[in-house]
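A structural walkthrough
Here are the chains, one letter per residue:
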Amino acid sequence: TAELISGTQIRKEILAELAEEVRKMKAKHGRGPGLVTILVGENPASISYVTLKIKTAEELGFHEVQDSQPVDISEADLLALIDKYNNDPTIDGILVQLPIPKHIDEKKVLNAIDPDKDVDGFHPVNVGRLMIGGSEVKYPPCTPAGIQELIVRSGTETSGAEVVVVGRSNIVGKPIAMMMAQKGPGANSTVTIVHTRTKDLAAHCKRADILIVAAGVPDLVKPEWIKPGATVIDVGVNRVGVNETTGKAILKGDVDFEEAKKIAGKITPVPGGVGPMTIAMLMKNTVKSAWLRLE
Ligand code: NAD
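For clarity, every value in this text was computed on a predicted model and none was experimentally measured.

**Some details on the domain arrangement of the chain**
A common measure of how large an interface is: the accessible area buried when the components associate. Partitioning the chain into domains gives domain 1 (29-116) and domain 2 (141-278). Once you take the C-alpha centre of each, domain 1 and domain 2 turn out to be 30 Å apart.

What follows is the structure in structure tokens.
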């Protein structure tokens, strides 16, 4: 059976490395990274995401600001707030928790964040930098960056490998495909992107040495589509029911895990695979931003 790639474990390693870097930064510069999360309104899911980010940032010794704004804040006021943090030299990362209320233009708000403080990596400038590659890349988007870490830290050879990415979204499919095709360590792969209009999904998947699935369709990838020994990264998070005793959602990936693990060489579970990596990579981007600002 396949070796399990544990995002939970790899996340711990990354956070320990980052905590060490923050200690060095504080000793040298008298401050750690500064991260602000702007939360508009009181969406319960948003509150829980923000709480998790803040908790992780605090554990790492970040200087952390949580800025909660009323649901009826005007677009102008929100833009002014972003501008304030853009100009604050102690703030290295600015996050606006989505979704934001409909009366505010989301694109305008996200584009107002200083690209050098856009630790989510969604600003068009950072998307462009990712496309150019190499040392141009400042803040790779967090979920794709987490996927690449899992591939590299699991000891999977990427150079010359056939990578098939299922899905072409702006937050996962497109960026991870670009990252794996770039020149450099942890990349240099031959990449195919497949999606809803692809004619023979199975045939493409069967060629993959590394199969990255981000479709959001439970059990989309059948075990017979997996090349024996392949590394399988399952990004999908699908709520397929509720556990009656705990009341918690039952989560499933896009790959039939139980069968796939008999064929794959390495595989990520859901939950506990890609999921735990995203916040870790957000912290990594913020630490990088702080170093760039301080040195
Ligand atoms: P999306 O809906 O924006 O994109 C899905 C993509 O998959 C589309 O490009 C579509 O063409 C493709 N697709 C859908 N059904 C398909 C099918 N039957 N055959 C082939 N291609 C198909 O989704 P997203 O934002 O990219 O997220 C994908 C999945 O990853 C979701 O389950 C999401 O919850 C999960 N996700 C997890 C994390 C995390 O763990 N941190 C982060 C982001 C997304």
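The discussion continues.
**Some words on unusual backbone geometry**
Here the amide bond leading from Leu 98 into Pro 99 is cis, since omega sits at 0°, within 30 degrees of zero. Locating Pro 99 in the fold gives a position in the loop between β4 (93-96) and α4 (106-112). Each neighbour pair has its own omega, and for Val 270 with Pro 271 the value is -5°, a cis peptide bond. Counting through the fold element by element, Pro 271 comes out in the loop between β11 (266-267) and α10 (277-294). With a phi close to 60°, Asn 188 is a non-glycine residue in the positive phi region. Along the chain, the position of Asn 188 falls in the loop between α7 (173-181) and β6 (190-194). We classify Asn 188 as partly exposed; its relative accessible area is 33%. The phi angle at Asp 219 is positive, at roughly 60°, despite the residue not being glycine. On the secondary structure map, Asp 219 appears in the loop between β7 (210-213) and β8 (231-234). By relative accessible area, which is 25% here, Asp 219 ends up partly exposed.

**Some words on the environment of Lys 183**
Here Lys 183 shows up in the loop between α7 and β6. In the structure, Lys 183 is positioned 49 residues away from Gly 134 in sequence and 7.3 Å away in space, judged by C-alpha atoms.

**Details of the pairing of strand β9 (residues 238-242)**
Pairing of β9 with strand β10 (residues 249-252) involves four bridges; the strand directions are antiparallel. Bridging from a neighbouring strand, Asn 238 pairs with Lys 252 of β10. With antiparallel pairing between neighbouring strands as the criterion, β9 and β10 make up a hairpin whose turn holds six residues, including Gly 247 at a positive phi of roughly 80°.

**Looking at the sheet that holds strand β5 (residues 162-166)**
Strand order in the open sheet formed by six strands is β1-β11-β8-β7-β5-β6, and the pairing between neighbours is parallel. Every interior strand has two partners, whereas the edge strands, β1 (3-4) and β6, have only one. The pairing of β5 with β6 spans five bridges and is classified as parallel. If you follow Val 165 over to β6, its bridge partner there is Ile 193.

**Quick word on the pattern of salt bridges**
Here the structure, examined in full by the defined rule, presents 17 salt bridges. Among the salt bridges present, the one from Glu 17 reaches Arg 153, with a minimum N-O distance of 2.9 Å. Of this pair, Glu 17 sits in helix α1 (residues 7-29) while Arg 153 sits in helix α6 (residues 142-153); the two residues are 136 residues apart in sequence, bridging distant segments of the chain. Note that Asp 116 is salt-bridged to Arg 129, the shortest N-O span being 3.0 Å. With a gap of 13 residues between them, Asp 116 in the loop between α4 and α5 (124-132) and Arg 129 in helix α5 connect regions that are remote in the sequence. Judged by its relative accessible area of 25%, Asp 116 is partly exposed. Here Arg 129 falls in the buried class, since its relative accessible area comes to 15%. Taken together, the shared-partner salt bridges in this structure form one network comprising Glu 13, Glu 17, Glu 149, Arg 153 and Lys 284.

**Description of α1**
Here α1 is 23 residues long and its end C-alpha atoms lie 32 Å apart, about the 33 Å a rise of 1.5 Å per residue gives. Of the positions making up α1, those classed as buried are Gly 7, Ile 10, Ile 14, Leu 15, Leu 18, Ala 19, Val 22 and Met 25. As for α1, its buried residues are in contact with α2 (44-59), α6 and α10. Positive phi shows up at Gly 30, right after α1, with a value of about 75°.

**Quick notes on the packing of α6 against α7**
In contact at an axis separation of 9 Å, α6 and α7 are set at 45° when each is read in the N-to-C sense. Judged on the interaxial angle alone, α7 and α6 are oblique. Two packed elements cross with a definite hand, and for α6 against α7 that hand is right-handed. Together, Pro 144, Ala 145, Ile 147, Gln 148 and Ile 151 of α6 and Pro 175, Ile 176, Met 179 and Met 180 of α7 make up the contact between the two elements. Looking at the contact of α6 with α7 residue by residue, the class counts come to eight nonpolar, one polar and no charged.

**Describing the site of the ligand**
Looking at the ligand, there are 19 residues lining it, with Arg 168, Ser 169, Gly 216, Val 237 and Thr 278 nearest. Arg 168 is positioned such that a nitrogen or oxygen atom in its backbone is 2.9 Å from an oxygen atom of the ligand. Between Ala 214 and the ligand, the recorded distance is 3.5 Å, taken from a backbone N or O atom to an oxygen atom. Here the ligand loses 70% of its free accessible area of 850 Å² to cover by the protein chains.

Cut-offs applied
Residues numbered from 1 in each chain as written. Predicted model: local features only at pLDDT ≥ 70, side-chain atom pairs only at ≥ 80, totals over all residues. Heavy atoms only, no water. Domains from an automatic or database assignment. Helix = DSSP H or I, 4+ residues; strand = E, 2+ residues; numbered from the N terminus. Buried < 20%, exposed > 50% of the residue type's maximum accessible area, 1.4 Å probe, protein only. Pairing = 2+ DSSP bridges. Salt bridge = Lys/Arg side-chain N within 4 Å of Asp/Glu carboxyl O. Expected span 1.5 Å × (residues − 1). Contact = heavy atoms within 4.5 Å. Axes fitted to C-alpha atoms, helices over the stretch in contact; angles between N-to-C directions. Parallel < 35°, antiparallel > 145°, perpendicular 65-115°, else oblique. Left-handed = near helix turned anticlockwise from the far one by under 90°. Nonpolar A, V, L, I, M, F, W, Y, C, P; charged D, E, K, R; others polar. Near = heavy atom within 4 Å. Polar contact = N/O pair within 3.5 Å; in protein donor to acceptor, adjacent residues only side chain to side chain. Areas by Shrake-Rupley, 256 points an atom, 1.4 Å probe, with all protein chains shown as cover.

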